[in-house]
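Understanding the architecture of this molecule
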Amino acid sequence: MRLILASSSPYRREMLQRLALNFDIIAPNIDETPLSGELPDALALRLAKEKALAIAQQHPEAVVIGCDQVATLGTLPIGKAGSHDKAFAQLQQLSGKTIVFHSALCVVHRDTILIDSVPTHCAFRTLSDDEITHYLLHDKPYDTAGSAKAESLGIALMDSMQSDDPTAIIGLPLIRLNQFLRQVGINPLNPTR
C-alpha cells in the first residue's frame, strides 16, 4: 500500500521517518486562509483534511496523511514569525504565558477519513531579552508557529509542556497517526502485513 505524506514540512518528514515506513511526499496546494469566525482548532482540522483529500484525489489507492498545526494564545492565533524581529516580538509577547498548539491529523484511504486534533499546552518561562536573542540566533525558528522549536534549544524556553502525545508539538502526532494507520491496514511494527 502506497503511503503519502501531504506536506512540504521537513519537520513532519523527519517525524514520519521514525515509524520506519516507506512513504512519498507530495505538497498539497490549498488555500490556508481561515474562514470567517473559524476557531483555531477547527482551522487546523479543516486544513489537515483538505490537504489529505487534495492528494488522495490524485492518488485514490494510496493512504494519505494530512496535517496542520495552529498555535493560540487564548483565542488569538500565533503564526510563523518569518523574520528575526517578528520572532523577537512574538517571544516577548509569549514570555510567562501558556499557548496551545493544535496539531491536527487526517488519514484518508479510499472512503475512510480519520481525523483528530491533539493539543499541546506550552507554558513559557519568563524570558529576558538576552535569552530571546541567544535563542533566536541559535535556532532561527522563523518558520515555526510561536517561534519555538521544542525539538531543539527551544525546549529551554518552556516551564512545562502537556500533551497526550509528545510528538504532537512538532506537528505530526505519531501516537494518533499509528492508531489511524493500523485502522487502514498499515502496522509500523509489522509492515509486511
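The sections below set out a description of the structure shown in this document. (Residues numbered from 1 in each chain as written. Predicted model: local features only at pLDDT ≥ 70, side-chain atom pairs only at ≥ 80, totals over all residues. Heavy atoms only, no water.)

**Notes on the overall build of the protein**
Broken down by element type, the protein carries five helices and seven strands. The N-to-C order of helical and strand elements in the protein reads β-α-β-α-β-β-α-β-β-α-β-α. The C-alpha radius of gyration of the protein comes to 17 Å, within 12% of the 16 Å expected for a compact globule of 193 residues. Principal-axis analysis of the C-alpha atoms gives the protein an extent of 50 × 40 × 25 Å. Within the span of the protein, comprising 193 residues, buried residues form 50% of the whole. Summarising the internal contacts of the protein: among those between residues at least 6 apart in sequence, 65% fall at separations of at least 24. Measuring between centres, the 17 positive side-chain charges of the protein sit 5 Å from its 21 negative side-chain charges. (Helix = DSSP H or I, 4+ residues; strand = E, 2+ residues; numbered from the N terminus. Rg over C-alpha atoms; globule rule 2.2 N^0.38 Å. Buried < 20%, exposed > 50% of the residue type's maximum accessible area, 1.4 Å probe, protein only. Contact = heavy atoms within 4.5 Å. Lys, Arg positive; Asp, Glu negative; His and termini not counted. Charge placed at Lys NZ, Arg CZ, Asp CG, Glu CD.)

**Quick word on helix α5 (residues 174–183)**
Within the sequence span of α5, burial applies to L174, R176, L177, F180 and L181. The buried side chains of α5 occupy one side of the element, clustering within an arc of 155° when seen end-on. Packed against the buried residues of α5 are β1 (3–6), α1 (10–17), β3 (63–73), β5 (98–109) and β6 (112–124). Positive phi shows up at G185, right after α5, with a value of about 100°. (Arc of directions from axis to C-beta.)

**Description of the pattern of salt bridges**
A pair can form between side chains of opposite charge whenever their charged atoms are brought close. What the rule picks out here adds up to eight salt bridges. The closest approach of N and O atoms between D24 and R2, which form a salt bridge, is 2.7 Å. Of the two residues, D24 is situated in strand β2 (residues 24–25) and R2 in the segment before β1; the sequence distance between them amounts to 22 residues. With a relative accessible area of 38%, R2 lands in the partly exposed category. (Salt bridge = Lys/Arg side-chain N within 4 Å of Asp/Glu carboxyl O.)

**A look at unusual backbone geometry**
Notably, A20 is not glycine yet its phi reads approximately 55°, a positive angle. Examined against the element boundaries, A20 turns out to sit in the loop between α1 and β2. Positive phi outside glycine occurs at R110, with the angle close to 55°. Mapped onto the fold, R110 is located in the loop between β5 and β6.

**Observations concerning the side chain of E38**
With respect to the helices, strands and loops of the structure, E38 is situated in the loop between β2 and α2 (40–58). Judged by relative accessible area, which is 19%, E38 ranks as buried. Polar contacts involving the side chain of E38 include one to the side chain of R46, which spans 2.7 Å. In this structure E38 touches L43 and R46, once residues within four positions along its chain are discounted. (Polar contact = N/O pair within 3.5 Å; in protein donor to acceptor, adjacent residues only side chain to side chain.)

**What about the nonpolar core?**
Counting 44 residues, the largest nonpolar core has I65, F124, L172 and L177 as the members making the most contacts within it. Looking at this core, the elements with two or more residues in it are β1, α1, β3, α3 (84–94), β5, β6, α4 (129–139) and α5. Per-element accounting of this core gives the leading share, five residues, to β3. With near-sequence residues (within four places) excluded, L177 lies in contact with L16, L19, I65, L105, V107 and L172. Counting residues in hydrophobic clusters, the runner-up holds 15 residues, among them L43, A52, A62 and C106. (Core = buried A, V, L, I, M, F, W, Y, C linked by side-chain atoms within 4.5 Å.)

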